[in-house]
Amino acid sequence: MDKINHEVFKNLCVVSAPSGAGKTSLIKKICSSEKISVCVSETTRKPRKGEINGTDYIFIDEKEFLLRVKKEIYIEHALVHGNYYGTSIDSVSQLLNKDKVVILEIDYQGAEIIKIRFPLSRHIFVLPPSLKILEKRLRERGTDTEDVILKRLENAKIEISKAQHYDYILVNDDFQLAEKKLLSYVLDTDMTIDEKNRKEPLIDKDF
């Protein structure tokens with residue numbers, strides 16, 4: 001960690017959300033901007049239909065992942081829904097040193113680690129309009145079993161409770177509006193560190 005220039009981490013932007021909230025779709029839309037890059041995380045979970053190794057995630061087996069943890073390869077790593085996820089230090093540093101705004105699409109556990117290590121980083125939480133709509137989205141995408149869907153919905157309650165600790169909060173109800181908001185938050189590299197000025201009020205939703 002000593003070789004890392006912490007000042008460049010004002011260009012690091014963490015985006016978190018419960019599974020099914022639409023963060024991946026939103027991130028893909030805003031990444032048409034030349035100023036933005038997404039750092040591809042590594043995971044031990046199996047690829048979903050349509051996912052490409054090296055583009056969506058770098059898919060590795062658990063034995064290799066845990067070996068990389070021992071070697072301190074990761075800037076953050078966490079166990080999420082029974083699978084490991086991690087982001088390599090080198091991949092983040094390389095993108096930041098190109099003067100790009102770098103997005104990390106990670107869960108709240110990884111976000112908490114990043115915030116402690118790199119307080120200049122910015123953090124965005126994407127909320128679904130409601131848990132009922134979240135469940136509808138999870139079922140419509142057709143990638144998970146019933147047990148997995150129920151587990152994701154239960155975990156979503158915990159994840160949503162962490163939203164208040166993020167710098168920006170947006171509700172993905174109207175996709176185009178959410179896209180515009182996410183883009184403005186990601187590019188807000190001059191965000192003041194004053195807590196009162198950098199956080200939107202929590203939206204009063206019955207979760």
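Residues numbered from 1 in each chain as written. Predicted model: local features only at pLDDT ≥ 70, side-chain atom pairs only at ≥ 80, totals over all residues. Heavy atoms only, no water.

Colleague: Describe helix α1 (residues 23-30), naming the residues involved and giving the relevant values.
Modeller: Restricting attention to buried positions, one finds in α1 the residues Lys-23, Leu-26, Ile-27 and Ile-30. Projected onto a plane normal to the axis of α1, the buried residues spread over an arc of 100° and lie on a single side. Close packing links the buried residues of α1 with β1 (12-16), β2 (36-38), β7 (101-105), β8 (122-127), β9 (168-171) and α7 (175-186). (Buried < 20%, exposed > 50% of the residue type's maximum accessible area, 1.4 Å probe, protein only. Helix = DSSP H or I, 4+ residues; strand = E, 2+ residues; numbered from the N terminus. Arc of directions from axis to C-beta. Contact = heavy atoms within 4.5 Å.)

Colleague: Give me the lowdown on the packing of aromatic side chains, citing residues and values where you can.
Modeller: Considering all chains together, one arrives at seven aromatic pairs under this definition. On the basis of an interplanar angle of 65° and a centroid distance of 5.6 Å, the ring pair of Tyr-57 and Tyr-85 is categorised as edge-to-face. Of this pair, Tyr-57 sits in the loop between β3 (42-43) and β4 (58-59) while Tyr-85 is found in strand β6 (residues 83-88), placing the two residues 28 residues apart along the sequence. Summarising the burial analysis for this pair, Tyr-57 and Tyr-85 share the class buried. Aromatic pair Phe-125 and Tyr-166: ring centres 5.1 Å apart, planes at 75°, arrangement edge-to-face. Taken together, the positions of Phe-125 in strand β8 and Tyr-166 in the loop between α6 (146-161) and β9 put the pair 41 residues apart, joining distant regions of the chain. The burial state of Phe-125 is the same as that of Tyr-166; both residues are buried. Grouped by ring-pair contacts, the aromatic residues Tyr-57, Phe-59 and Tyr-85 constitute a single cluster. (Phe/Tyr/Trp six-rings, centres within 6.5 Å; stacked < 30°, edge-to-face > 60°.)

Colleague: An account of the packing of α1 against α7 is needed here, citing residue identities and associated values.
Modeller: Close contact between α1 and α7 brings their axes to 9 Å; oriented N to C, the two are set at 65°. Relative to α7, α1 is oriented roughly perpendicular. Considering only the axes of α1 and α7, their crossing is right-handed. In this structure, α1 uses Ser-25, Leu-26, Ile-27, Lys-29 and Ile-30 to contact α7, whose residues at the interface are Phe-175, Ala-178, Glu-179, Leu-182, Leu-183 and Val-186. A breakdown of the residues in the contact of α1 with α7 according to their chemical character gives eight nonpolar, one polar and two charged. (Axes fitted to C-alpha atoms, helices over the stretch in contact; angles between N-to-C directions. Parallel < 35°, antiparallel > 145°, perpendicular 65-115°, else oblique. Left-handed = near helix turned anticlockwise from the far one by under 90°. Nonpolar A, V, L, I, M, F, W, Y, C, P; charged D, E, K, R; others polar.)

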